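Remarks on the overall topology
Listed below, chain by chain, are the residues.
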Amino acid sequence: MTPTKGYAATSPTTPLVPYSFTRRELRPTDVAIDILYCGVCHSDIHQARDEWGGSEFPMVPGHEIVGVVKKVGANVTKHKVGDKVGVGCLVDSCRECRHCREGFEQFCAGSVMTYNGKEKDGTPTQGGYSNQIVVEQDFVLRIPDAIPLESAAPLLCAGITTYSPLRHWMVGEGEKVAVVGLGGLGHMAVKLAHAMGAEVTVLSHSPRKGDDARRLGADAFYSTVEEETFSKLAGTFDLILNTVSAEMDWNKYLRLLDRDGTMVLVGVPTNPVPVHAFSVIGGRRSLAGSPIGGIAETQEMLDFCGEHGISSDIELVPIQKINEAYERVLKGDVKYRFVIDMKTLA
Ligand code: NAP
Ligand code: ZN
Ligand code: ZN
């Protein structure tokens, strides 16, 4: 077992604190990674505070992990010492079910989450707010040289979670896409949808974000604080990607869809949200959802970002400021993703 340093939540109501634990010895197909950077996803906050239920403590959050391969097991063929690599929300899956065989590990009933999950042998998993991690080689991604490592970290969750639905709903030239919420996921959605050729509109409850939205690649920006936004844009969009983590009236947003349009939820409000049947009956609209993405698609997204010069806009923080960073995420005070500089753990 390898001694490992990190930061953990020890209960839903107390701040994260320094925490020592161990990583397993390398199995033949394992890769040991020195973690250099880890993004701070809003899901880390939801889970550290047990807002979805079922959280287990102590919990080392973090599933936007990048680093360098330190050691490989005897049968590893996909990665070598010194490679720049990443790990996202999944560290294993059953490998046998239909979803796994088709590259949709995110839907596998036996998938193993990077933290707040259980390995196949029942050991709790611990995430990337730590100096190292051991991961099965098939769940380790290659980071293209063109992307600076620190701004690549958020691609491992915010990037794939927005790329996957944009691809699934075949966004491209001529499509009108709205991104609701300009946060960590939202700002990646804008960059990716723009690179895919869509006409992108940002719908935000923070009017001050307009200039940033355009700089990130949006063609238009509307404040959702203004009620007239909803009458002006009624029936406009082919796809709405909703990244908001708070309760909001989805019915109002569904009415912004064109005939046969779809609103895809990626944000996870803590409480259920009521939807009126007429919101989807009118215009034959769809309300859908999408979780992260499979491993092959995550690699495809990283390569796409490398080719198009896309990475995340980040604020690098020392790990000692993690609790402050959480508070600032909740206030929407981050442009647009915090990334922990793991050398500050030393
Ligand atoms: P984030 O950086 O906090 O962004 C969320 C954005 O939502 C904010 O920037 C804000 O944008 C908007 N917002 C916040 N509170 C709001 C309110 N009360 N009313 C309206 N808008 C509000 O969070 P994130 O890391 O992007 O994550 C967003 C959500 O996606 C979280 O719930 C997270 O758990 C979830 N998530 C899901 C998946 C998945 O697989 N589906 C993966 C990762 C994360 P504006 O200021 O522009 O309005
Ligand atoms: Zn995440
Ligand atoms: Zn499976």
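Everything below is about the structure shown above.
A short tour of the structure in this document, coming up. Fair warning: this is a prediction, and the values are worked out from it, not measured in the lab.

What to know about the packing of aromatic side chains
This structure, assessed with the given rule, holds four aromatic pairs. Consider the rings of F230 and Y253, whose centres lie 5.1 Å apart with planes at 85 degrees: the pair is edge-to-face. Taken together, the positions of F230 in helix α7 (residues 228-232) and Y253 in helix α8 (residues 250-254) put the pair 23 residues apart, joining distant regions of the chain. The same class applies to F230 and to Y253, which are both buried. Note that K252 overlies the ring of F230, its terminal NZ or CZ placed 4.4 Å from the centroid.

Considerations on the layout of surface pockets
Its volume calculated, the second largest pocket comes out at about 330 Å³. Lining the second largest pocket are 17 residues, with T22, R23, R24, T123 and P124 positioned closest to its centre. Per-element accounting of the lining of the second largest pocket gives the leading share, four residues, to strand β2 (residues 17-23). A class-by-class count of the residues in the lining of the second largest pocket yields seven nonpolar, five polar and five charged.

Examining unusual backbone geometry
With the exception of glycine, most residues fall at negative phi, and the peptide bonds are largely trans. Here F57 and P58 are connected by a cis peptide whose omega angle stands at -5 degrees. Inspection of the secondary structure assignment puts P58 in the loop between α1 (42-48) and β4 (65-72). Across the junction of K335 and Y336, the peptide omega takes the value -15 degrees, indicating a cis bond. Along the chain, the position of Y336 falls in the loop between α11 (322-330) and β17 (337-341). Of note in the backbone geometry, R95 takes a positive phi value of approximately 75 degrees without being a glycine.

With respect to the coordination of the zinc ion (ligand 3)
Surrounding the zinc ion (ligand 3) are the protein donor atoms C94 (SG), C97 (SG), C100 (SG) and C108 (SG), at 2.3 to 2.4 Å. With four donor atoms in place around the zinc ion (ligand 3) and angles of 102 to 116 degrees between them, the coordination shape is tetrahedral. Of note, the zinc ion (ligand 3) draws all its donor residues from one chain, in the sequence arrangement C-x2-C-x2-C-x7-C.

About the cut-offs
Residues numbered from 1 in each chain as written. Chains lettered and ligands numbered in written order. Predicted model: local features only at pLDDT ≥ 70, side-chain atom pairs only at ≥ 80, totals over all residues. Heavy atoms only, no water. Phe/Tyr/Trp six-rings, centres within 6.5 Å; stacked < 30°, edge-to-face > 60°. Helix = DSSP H or I, 4+ residues; strand = E, 2+ residues; numbered from the N terminus. Buried < 20%, exposed > 50% of the residue type's maximum accessible area, 1.4 Å probe, protein only. Lys NZ or Arg CZ within 6 Å of the ring centre and 35° of its normal. 1 Å grid on protein atoms, 1.4 Å probe; cavity = no way out; pocket = protein on both sides within 12 Å on 5 of 7 lines; lining within 4 Å. Points joined across faces, edges and corners; volume = space filled by probe spheres on them. Nonpolar A, V, L, I, M, F, W, Y, C, P; charged D, E, K, R; others polar. Donors = N, O, S within 2.8 Å, 3.2 Å for Na, K, Ca; no water. Tetrahedral: all angles 85-135°; square planar, octahedral: opposite > 155°, others 65-115°.

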